[in-house]
Amino acid sequence: MMSWRVMAANWRLAGASLLLAACVRTPAASAPGARPAAIDATAAGSRGTLFIVGGGTQPMSLVQDFVTRAGGSRARIVVFAMASTVGERGGEATAARFRTLGAEARNVWITREQANTDSVARLLDGATAVWFGGGDQNRLTAVLRGTRTERAIRARFEQGAVVGGTSAGAAVISTPMITGTELGEGRDITQAWTRVARGSVAVDSGFGYLTTAIIDQHFLKRRRHNRLLSLVLATPPHLGIGIDEGTALIVEPSGLWRIEGASSAFIVDARGAERTSTGAPVLGASGARLHLLPAGSTFDPGTGSAKLPAR
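How each quantity is defined
Residues numbered from 1 in each chain as written. Predicted model: local features only at pLDDT ≥ 70, side-chain atom pairs only at ≥ 80, totals over all residues. Heavy atoms only, no water. Core = buried A, V, L, I, M, F, W, Y, C linked by side-chain atoms within 4.5 Å. Buried < 20%, exposed > 50% of the residue type's maximum accessible area, 1.4 Å probe, protein only. Contact = heavy atoms within 4.5 Å. Helix = DSSP H or I, 4+ residues; strand = E, 2+ residues; numbered from the N terminus. Expected span 1.5 Å × (residues − 1). Arc of directions from axis to C-beta. Phe/Tyr/Trp six-rings, centres within 6.5 Å; stacked < 30°, edge-to-face > 60°. Lys NZ or Arg CZ within 6 Å of the ring centre and 35° of its normal. Pairing = 2+ DSSP bridges. Axes fitted to C-alpha atoms, helices over the stretch in contact; angles between N-to-C directions.

Colleague: How would you explain the nonpolar core if you had to name every residue and give the values?
Modeller: If you look at soluble globular proteins, the nonpolar side chains tend to sit buried side by side. Core analysis: the biggest nonpolar cluster contains 46 residues, and Phe80, Phe132, Leu144 and Trp257 have the highest contact counts within it. Not counting chain neighbours up to four residues away, the residues in contact with Leu144 comprise Phe80, Met82, Ile110, Arg112, Ala115, Phe132, Thr149, Glu150, Ile153 and Phe207. Counting 19 residues, the second-largest nonpolar core is a separate cluster that includes Phe51, Leu62, Ile77 and Trp131.

Spelled out as structure tokens, the structure:
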């Protein structure tokens, strides 16, 4: 087992140390008069890329793309898989997969107490990418949120590192973060989200890399349309994306959204919609825009425009 616990030594690579600038992409310059990008950190000078996968089996092309964006053979990837009770083993399998593509990758399995130590936070020094594994997003945030290690991850992102994750590891990227709990009296407890209703989706704070959109995952496979609609129509920021399994939302440093992978992503943009009042008995909206975007599509959250791949 190559998982890193808190007792692990500082990150070391054979040969000379590598400069982060050699391993990551430089953001493209914004067009004059362009609207702010969708990532809060981007407005504060962030240069990182988000690589958000909707769960399920990932095509090797997605894994390769993540490693390439992290620096390819020069990539130094840290995996956090505490969202799963078997994440110590699963996280090592993920790290091993990255290593087969030439990256230096380690699984860091820690408790919250350990995450709040300088010795663990320093394991992020020089990392060119961070990957959050799947499971239960509430477990992952309970360990990392507000700790020295989370701040170290953010610092790497702000220096250009790639931050990505799958399933629960996708959910934690946004704030608000969908917790997975359904709320509300009178609901059908034998099935999940059989209605579109205000106040039916429990949310919490994620890691806040995306704050002007809400992320849902396993979207088409698990028929989560009602969940995303309930949240996006009723609650700011009124923009959400449901990412299907085996599919990635890639948020470029410029703020552009790019869809890649095996399936598609479903975007609900209700920022310009008319909505029923808070006290209305039934949630309703008019003028919301929906996009179902397969691999090769793009979405500009500043303008609200989507482009399908060329035929």
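Colleague: Outline helix α3 (residues 87–100), supporting the account with residue identities and numerical values.
Modeller: Between its first and last C-alpha atoms α3 spans 19 Å; for 14 residues at 1.5 Å apiece the expected length is 20 Å, and the two agree. Three or more residues of α3 are buried, namely Gly87, Glu88, Gly91, Glu92, Ala95 and Phe98. Take α3 and look down its axis: the buried residues cluster within an arc of 130°, on one side only. Exposed side chains of α3 directed beyond 90 degrees from the buried face belong to Arg89 and Thr100. On the buried face of α3, the contacting elements are α2 (60–70), β2 (76–80), β3 (104–107) and β4 (129–132). Just downstream of α3, Gly102 is the residue with a positive phi angle, here 100°.

Colleague: Please give an account of the packing of aromatic side chains that cites residues and values.
Modeller: Considering all chains together, one arrives at 9 aromatic pairs under this definition. Ring-pair connections join several aromatic residues into one group, and the members of that group are Phe51, Phe66, Phe98 and Trp131. Lying over the aromatic face of Tyr209, Arg154 brings its terminal NZ or CZ to 4.2 Å of the ring centre. The positively charged end of Arg227 is found above the aromatic ring belonging to Trp193, 5.1 Å away from the centroid.

Colleague: Please give an account of the environment of Leu229 that cites residues and values.
Modeller: Along the chain, the position of Leu229 falls in helix α9 (residues 225–234). On a C-alpha basis, the gap between Leu229 and Ala197 in space is 8.4 Å, while along the polypeptide they are 32 residues apart. Apart from the residues within four sequence positions on either side, Leu229 is in contact with Val196, Val268 and Leu283.

Colleague: Which residues make up the sheet that holds strand β15 (residues 289–294), and what are the values?
Modeller: Strand order in the open sheet made by the 4 strands is β8-β9-β12-β15, with mixed pairing throughout. Each having just a single partner strand, β8 (214–217) and β15 make up the two edges of the open sheet. Within this sheet the neighbouring strands show an average axis-to-axis angle of 15°, counted without direction. Pairing between strand β9 (residues 239–243) and strand β12 (residues 264–269): 5 bridges, direction antiparallel. When the sheet's bridge partners are listed, Leu239 is paired in β12 with Asp269.

Colleague: If you had to explain the pairing of β12 to someone new, which residues and values would you point to?
Modeller: The element β12 is extensively covered by neighbouring structure, given that 6 of its 6 residues are classed as buried. The two faces of β12 match: Ser264, Phe266 and Val268 on one face and Ala265, Ile267 and Asp269 on the other face are all buried. The pairing of β12 with β15 spans 6 bridges and is antiparallel. When the sheet's bridge partners are listed, Val268 is paired in β15 with Leu290.

Colleague: Now, about the side chain of His238: what can you tell me, with residues and values included?
Modeller: The residue His238 is located in the loop between α9 and β9 in this model. His238 gets classed as buried once you look at its relative accessible area, which sits at 11%. The contacts of His238, once residues within four sequence positions are left out, are Val232, Leu233, Val268, Asp269, Ala270, Arg271 and Arg275.

Colleague: Let's hear about α9: which residues, and what values?
Modeller: Counting buried residues in α9 gives 7 out of 10 residues, a clear majority hidden from the surface. Along α9, the residues classified as buried are Arg227, Leu228, Ser230, Leu231, Val232, Leu233 and Ala234.

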